[in-house]
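Listed here are the chains, written in short residue letters.
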Amino acid sequence: MLSIQPVGFACGTRITGVDLSARMSPADLEAIRAAWLEHLVLVFPAQTLDPRSLVAFTRHFGELDDYATQPFNRHPEINEVFVLTNKRSNGKPSPTYNSGQNWHTDLSYTLRPAKGTSVYCIEKPSVGGDTMFANMYLAYERLSPKMRAFLDGLECVHDASLIEGLDKRGPEVANEFRRLNPPVVHPAVRLHAESGRKALYVNERVRNFLGLSEAESRPIVKFLCEHSIQPRLTYRHYWSVGDLVMWDNRCTVHLAVGDYDPAEIRHMIRTSGMGDYYGRYLDPEVAAAQMGGVSVSKDKKTVASLHD
Ligand SMILES: [Fe+2]
């Protein structure tokens, strides 16, 4: 029997009594979908998954990203599986050894940010390496009415250059990452397509508000980031091997806490559900030139097709 038990006030619930590697009943899938919309972060402990069964399960919730915008650590045979690991390969550090170490929502620096993300834990350090989540509905709702009205009319520039530790992954990876991910513009407040609620969509990868200078934007972005990650709006997940954690990127931000011994292995596999086309390039012509001279128009679909 599927059982749903909240583990955090702001977000997070634990779901037991289900084997995600098995064929899922429509009733269980519907219960999981409803819990996901209500609790934003789902934890399925003690699962036995491999890359193929992870893909099979997460496909129930929509089309998966093939990680064309970050091809560095895809699974060698399955493009839809991304490997988050600090294991070295061919004597080189993994390009994902320090992924996710500032507060963000996945792929917000692309035109089509991830709707959901699922991460399965294969190996973990003896202590540390947790993942923290914050509820961005609550972050929005707990702002003053005047601040909410101010943000409702604003758009933000999301810049992949602001990914914490990007340059530490080496110039080859960092430069290619920037080339494939020119700055994009998204609304500062997102209307969630399924819940109909508004969520703050500002995080530590936002450079500035469109129409405001970086100097004007910086203190507001800093305030909003601090406001949204206050402890009472968060849930902290302490990983166990076999956990599958699945979250909604449209209304949460998260942080991979880098507080573990780098000599110990942290190894996880991930899929990302494709979200709606939500953004546009800050400068479509520059984006087209740096991405290989593909001709783009201001038409959203044409520009978006660069990421297909
Ligand atoms: Fe992430």
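An account of the accompanying structure is given in this report. Only a predicted model underlies this, so the values are computations on that prediction, with no experimental measurement involved. (Residues numbered from 1 in each chain as written. Predicted model: local features only at pLDDT ≥ 70, side-chain atom pairs only at ≥ 80, totals over all residues. Heavy atoms only, no water.)

**Details of helix α5 (residues 171-180)**
- Within α5, the full set of buried residues consists of Val173, Ala174, Phe177 and Leu180. Here the buried residues of α5 occupy an arc of 135 degrees about the axis, which is enough to place them on one side. Exposed and facing more than 90 degrees away from the buried side of α5 are Pro171 and Glu172. (Buried < 20%, exposed > 50% of the residue type's maximum accessible area, 1.4 Å probe, protein only. Helix = DSSP H or I, 4+ residues; strand = E, 2+ residues; numbered from the N terminus. Arc of directions from axis to C-beta.)

**A word on the state of the cysteines**
- According to the stated counting rule, one finds zero disulfides in the structure shown.
- The structure places no disulfide on cysteine 121, whose sulfur is separated from the nearest cysteine sulfur, that of cysteine 11, by 19 Å.
- With no disulfide of its own, cysteine 225 has cysteine 156 as its nearest cysteine by sulfur position, at a separation of 9.4 Å. (Disulfide = S-S within 2.5 Å.)

**Observations concerning the sheet that holds strand β15 (residues 267-273)**
- Across the sheet, seven strands lie side by side as β1-β2-β3-β13-β5-β15-β4; this open sheet has mixed pairing. The open sheet has two free edges, formed respectively by β1 (3-6) and β4 (82-85), since each of these has just one partner strand. Going across the sheet, the axis of each strand differs from the next one's by a mean of 25 degrees, ignoring polarity.
- Here helix α2 (residues 51-58) sits on the sheet in contact with β3 (41-44), β5 (116-123), β13 (244-248) and β15, set at roughly 30 degrees to β15. (Pairing = 2+ DSSP bridges. Axes fitted to C-alpha atoms, helices over the stretch in contact; angles between N-to-C directions. Contact = heavy atoms within 4.5 Å.)

**Things to note about the pattern of salt bridges**
- The final tally for this structure, using the stated rule, is 18 salt bridges.
- Between arginine 280 and glutamate 155 there is a salt bridge; the shortest N-O distance is 2.8 Å. With a gap of 125 residues between them, arginine 280 in strand β16 (residues 280-281) and glutamate 155 in strand β7 (residues 155-158) connect regions that are remote in the sequence.
- Among the residues examined, glutamate 155 registers a relative accessible area of 27% and is labelled partly exposed.
- Among the charged side chains, a salt-bridge network with shared partners connects Asp159, Arg207, Glu214 and Arg218. (Salt bridge = Lys/Arg side-chain N within 4 Å of Asp/Glu carboxyl O.)

**Details of the coordination of the iron ion**
- Binding of the iron ion to the protein goes through His104 (NE2), Asp106 (OD) and His254 (NE2), at separations of 2.1 to 2.2 Å.
- Mapping the donors of the iron ion onto the primary sequence gives the spacing H-x1-D-x147-H. Grouping residues by exposure puts histidine 104 and aspartate 106 together as buried. (Donors = N, O, S within 2.8 Å, 3.2 Å for Na, K, Ca; no water.)

**A few points about the pairing of strand β8 (residues 184-187)**
- In the sheet, β7 pairs with β8 via four bridges, with the strands oriented antiparallel. Along β8, the bridge assignment pairs histidine 158 with valine 184.

**A short note on the environment of alanine 287**
- Tracing the backbone shows alanine 287 in helix α7 (residues 284-290).
- The spacing of alanine 287 and asparagine 181 is 106 residues in sequence and 8.1 Å in space, taken between C-alpha atoms.
- Non-local contacts of alanine 287, meaning those with residues more than four positions away in its chain, are made with Pro182 and Tyr281.

**Focus on helix α1 (residues 26-39)**
- Compared with the 20 Å implied by 1.5 Å per residue over 14 residues, the 20 Å span of α1 between its first and last C-alpha is a close match.
- On its buried face, α1 sits against β1, β2 (13-16), β3, α2, β5 and β13.
- After α1 finishes, the residue leucine 40 shows a positive phi value of roughly 70 degrees. (Expected span 1.5 Å × (residues − 1).)

**Let's talk about the sheet that holds strand β6 (residues 131-135)**
- The three strands lie next to each other as β12-β6-β14, forming an open sheet whose pairing is antiparallel. The two strands at the open ends of the sheet, each matched to only one other strand, are β12 (234-237) and β14 (252-256). Strand-to-strand twist of the sheet, defined as the mean angle between neighbouring strand axes without regard to direction, takes the value 20 degrees.
- Inspection of the sheet shows β6 paired to β12 by four bridges, in the antiparallel sense. When the sheet's bridge partners are listed, phenylalanine 133 is paired in β12 with tyrosine 235.

**Quick look at the packing of aromatic side chains**
- This structure, assessed with the given rule, holds six aromatic pairs.
- Measuring from ring centre to ring centre gives 4.9 Å for tyrosine 67 and phenylalanine 82, while their planes differ by 40 degrees; the resulting arrangement is tilted. With tyrosine 67 in the loop between α2 and β4 and phenylalanine 82 in strand β4, this residue pair connects regions lying 15 residues apart in the sequence. The two residues tyrosine 67 and phenylalanine 82 agree in class, both being buried.
- Measuring from ring centre to ring centre gives 6.4 Å for phenylalanine 133 and tyrosine 235, while their planes differ by 15 degrees; the resulting arrangement is stacked. Of the two residues, phenylalanine 133 is situated in strand β6 and tyrosine 235 in strand β12; the sequence distance between them amounts to 102 residues. By the burial criterion, phenylalanine 133 is buried, and tyrosine 235 matches it.
- Following the ring pairs from residue to residue traces out a cluster consisting of Phe44, Phe57 and Phe61.
- Sitting over the face of the ring of tyrosine 140, arginine 148 holds its NZ or CZ atom 5.9 Å from the ring centroid. (Phe/Tyr/Trp six-rings, centres within 6.5 Å; stacked < 30°, edge-to-face > 60°. Lys NZ or Arg CZ within 6 Å of the ring centre and 35° of its normal.)

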